[in-house]
Amino acid sequence: AESFNEGLARVEKDGKWGFIDTTGKVVVPCQYDLPGFFSEGLVHVKKDGKYGFFDTTGKVVVPCQYDGARSFSEGLASVKNGKKWGYIDTTGKEVIPCQYDVAWSFSKGLARVEKDEKYGFIDTTGKEVIPCQYDDTAYYFIEGLTYVKKDGKWGYIDTTGKEVVPCQYDHAWYFSEGLARVKKDGKYGYINTTGKEVVPCQYDGAGSFSEGLACVKKDGKWGFIDPTGKEIIPCEYDSAAYGEGYFTLIKDGYLSILDKDLNRVF
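Residues numbered from 1 in each chain as written. Predicted model: local features only at pLDDT ≥ 70, side-chain atom pairs only at ≥ 80, totals over all residues. Heavy atoms only, no water.

**Considering the sheet that holds strand β4 (residues 42-47)**
Line of reasoning, step 1. The three strands lie next to each other as β4-β5-β6, forming an open sheet whose pairing is antiparallel. Whereas interior strands pair on both sides, the edge strands pair on one side only; in this sheet they are β4 and β6 (60-66). Averaged over all pairs of adjacent strands, the angle between strand axes in this sheet comes to 20°, irrespective of strand direction.
Line of reasoning, step 2. Sheet topology places strand β5 (residues 50-55) next to β6; three bridges connect them, and they run antiparallel. Across the sheet, tyrosine 51 pairs through a bridge with tyrosine 66, a residue of β6. (Pairing = 2+ DSSP bridges. Helix = DSSP H or I, 4+ residues; strand = E, 2+ residues; numbered from the N terminus. Axes fitted to C-alpha atoms, helices over the stretch in contact; angles between N-to-C directions.)

As structure tokens, this is what we get:
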């Protein structure tokens, strides 16, 4: 047995899976290949190579008829019919036809889809809000933006499809605390949500911002910067980490621990 999720837990018997409730009662007999986890009151299961869904009472909502399936999110689940993906609602009705090569889960009203090796986003009505025109994209929007790849370069679009940051970077990552790490000509820097390069691409390595700090590497050594690009901890350490209000720094084999105010505690 595993942990309970929405009042039920997966159990295995003789290589097949089912579900029990918190009293130990078998709600779903052990007759399925490894199922997913409940989400929005439904779970996808696999039997004889086909996928379907049932609810927390064990009632079959969608018969095992699909070639693939993902969990429900925002009232919809992506399903595969033959080689194409679409979406069904919680009644099992196919509300977005199976026409995509791949279709992912919805998040904040949008889902990433792939068609003819290009990526875009659709809304819950099936409208292509962002046409399938990018070579690659992130899976979700964070802080209202997501990174996209076109003609070998990365940039950012908003939820309307507007290109807020032109595709000019060698790589790009999610936004965190209003800043995103980008790579250009082999160096790392940071941009804000308007696309302004707040920290120039000058570092050999970099991490995302957390608690107002980001770890950066220069000339083989690590340090920390603040959101303005100011070096709070100079890049002179062989190893550098920050967590729970403390910096853990190693230089020439010696360990130093500083608090957030840069007072040495060890």
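**Some thoughts on the pattern of salt bridges**
Side chains carrying opposite charge are able to pair once their charged atoms draw close together.
Line of reasoning, step 1. Applying the stated criterion to the full structure yields 11 salt bridges.
Line of reasoning, step 2. Note that lysine 118 is salt-bridged to aspartate 135, the shortest N-O span being 2.4 Å. Highlighted residues: lysine 118 in strand β13 (residues 118-123) and aspartate 135 in the loop between β14 (128-134) and β15 (136-137), separated in sequence by 17 residues.
Line of reasoning, step 3. Exposure remark for aspartate 135: the relative accessible area of 28% places this residue in the partly exposed category. (Salt bridge = Lys/Arg side-chain N within 4 Å of Asp/Glu carboxyl O. Buried < 20%, exposed > 50% of the residue type's maximum accessible area, 1.4 Å probe, protein only.)

**Focus on the packing of aromatic side chains**
The description of an aromatic ring pair uses the distance of the two centres, along with the angle that the planes make with each other.
Line of reasoning, step 1. The final tally for this structure, using the stated rule, is 19 aromatic pairs.
Line of reasoning, step 2. On the numbers, 6.5 Å between centres and 85° between planes, the contact of tyrosine 147 with tyrosine 156 is edge-to-face. We note that tyrosine 147, like tyrosine 156, is buried.
Line of reasoning, step 3. Look at tyrosine 190 and phenylalanine 209: their rings are 4.9 Å apart centre to centre, the planes differ by 70°, and that puts the pair in the edge-to-face class. Here tyrosine 190, found in strand β21 (residues 187-192), pairs with phenylalanine 209, found in the loop between β23 (205-206) and β24 (214-218); they are 19 residues apart in sequence, far enough to count as distant. (Phe/Tyr/Trp six-rings, centres within 6.5 Å; stacked < 30°, edge-to-face > 60°.)

**Some details on a negative patch on the surface**
Line of reasoning, step 1. Taken together, the side chains of Glu143, Glu177, Glu211 and Glu244 make up a negatively charged region of the molecular surface.
Line of reasoning, step 2. Tracing the backbone through its elements, the reader meets glutamate 143 in the loop between β15 and β16 (145-150).
Line of reasoning, step 3. We classify glutamate 143 as partly exposed; its relative accessible area is 39%. (Patch = residues over 30% accessible without salt bridge, like charges linked within 9 Å, V, L, I, M, F, W, Y side chains within 5 Å. Areas by Shrake-Rupley, 256 points an atom, 1.4 Å probe, with all protein chains shown as cover. Lys, Arg positive; Asp, Glu negative; His and termini not counted. Charge placed at Lys NZ, Arg CZ, Asp CG, Glu CD.)

**Some points on the sheet that holds strand β9 (residues 84-89)**
Line of reasoning, step 1. Strand order in this open sheet of four strands is β7-β8-β9-β10, and the pairing throughout is antiparallel. One side of each edge strand has no neighbouring strand; the edge strands of this open sheet are β7 (68-69) and β10 (94-100).
Line of reasoning, step 2. Two elements, β9 and β10, share three bridges in a ladder whose sense is antiparallel. Residue pairing across strands places tyrosine 87 opposite isoleucine 96, the latter belonging to β10.

**Quick word on unusual backbone geometry**
Line of reasoning, step 1. In this model, glutamate 211 sits at a positive phi of 55°, which is unusual for a non-glycine residue.
Line of reasoning, step 2. Within the chain, aspartate 252 stands out as a residue other than glycine whose phi angle is a positive 50°.
Line of reasoning, step 3. Secondary-structure assignment places aspartate 252 in the loop between β28 (246-251) and β29 (254-259).
Line of reasoning, step 4. With relative accessibility at 58%, the residue aspartate 252 sits in the exposed group.

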